[in-house]
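One-letter residues, chain by chain:
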Amino acid sequence: MAKREITKEQYERGLNHGRYLTKEDREDVFSVSELFGYGVYGGTVYEENGDFYVLYELGSTCD
């Protein structure tokens, strides 16, 4: 698993979206090659020590 920092606004939208990033926020947080090449799996938002993150896995190949 990997984590990436996100904005408070993205975090709050994720809370209202079942704790997952919205489609629009996924497109802002991850690159096109990550989303459509490698594949981003998961996308759960969480707070840690006042900072906001998304927890995800990235596929191992860019097919």
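Residues numbered from 1 in each chain as written. Predicted model: local features only at pLDDT ≥ 70, side-chain atom pairs only at ≥ 80, totals over all residues. Heavy atoms only, no water.

## Details of the packing of aromatic side chains
Turning to step 1, where the next piece is worked out: Taken as a whole and assessed by the stated rule, the structure comprises three aromatic pairs.
Turning to step 2, where the next piece is worked out: Consider the rings of Phe-30 and Tyr-56, whose centres lie 4.8 Å apart with planes at 70°: the pair is edge-to-face. You can see Phe-30 sitting in the loop between helix 2 (23-29) and helix 3 (32-38) and its partner Tyr-56 sitting in strand 3 (residues 51-58), a full 26 residues away along the chain.
Turning to step 3, where the next piece is worked out: On the accessibility criterion, Tyr-56 (6% relative accessible area) is buried.
Turning to step 4, where the next piece is worked out: Positioned over the ring face of Tyr-53 is Lys-3, at 4.5 Å from the centre of the ring. (Phe/Tyr/Trp six-rings, centres within 6.5 Å; stacked < 30°, edge-to-face > 60°. Helix = DSSP H or I, 4+ residues; strand = E, 2+ residues; numbered from the N terminus. Buried < 20%, exposed > 50% of the residue type's maximum accessible area, 1.4 Å probe, protein only. Lys NZ or Arg CZ within 6 Å of the ring centre and 35° of its normal.)

## Re the pairing of strand 2 (residues 40-48)
Turning to step 1, where the next piece is worked out: Pairing between strand 2 and strand 3: eight bridges, direction antiparallel. Its bridge partner lying in strand 3, Glu-48 is registered against Asp-51.
Turning to step 2, where the next piece is worked out: Between the end of strand 2 and the start of strand 3, which pair antiparallel, lie two residues, with Asn-49 showing a positive phi angle near 55°. (Pairing = 2+ DSSP bridges.)

## Description of the pattern of salt bridges
Turning to step 1, where the next piece is worked out: Tallying each qualifying case throughout the model produces four salt bridges.
Turning to step 2, where the next piece is worked out: A salt bridge links Arg-4 to Glu-34, with the shortest nitrogen-to-oxygen separation between them at 2.9 Å. On the criterion of sequence distance, the pair formed by Arg-4 in strand 1 (residues 2-6) and Glu-34 in helix 3 is long-range, its members being 30 residues apart.
Turning to step 3, where the next piece is worked out: You can call Arg-4 partly exposed: its relative accessible area is 24%.
Turning to step 4, where the next piece is worked out: Note that Lys-23 and Glu-27 form a salt bridge whose closest N and O atoms lie 2.8 Å from each other. Placement of the pair is Lys-23 and Glu-27 together in helix 2, with a separation of four residues, close to one helical turn.
Turning to step 5, where the next piece is worked out: Residue class for Glu-27 comes out partly exposed when judged on its relative accessible area of 40%. (Salt bridge = Lys/Arg side-chain N within 4 Å of Asp/Glu carboxyl O.)

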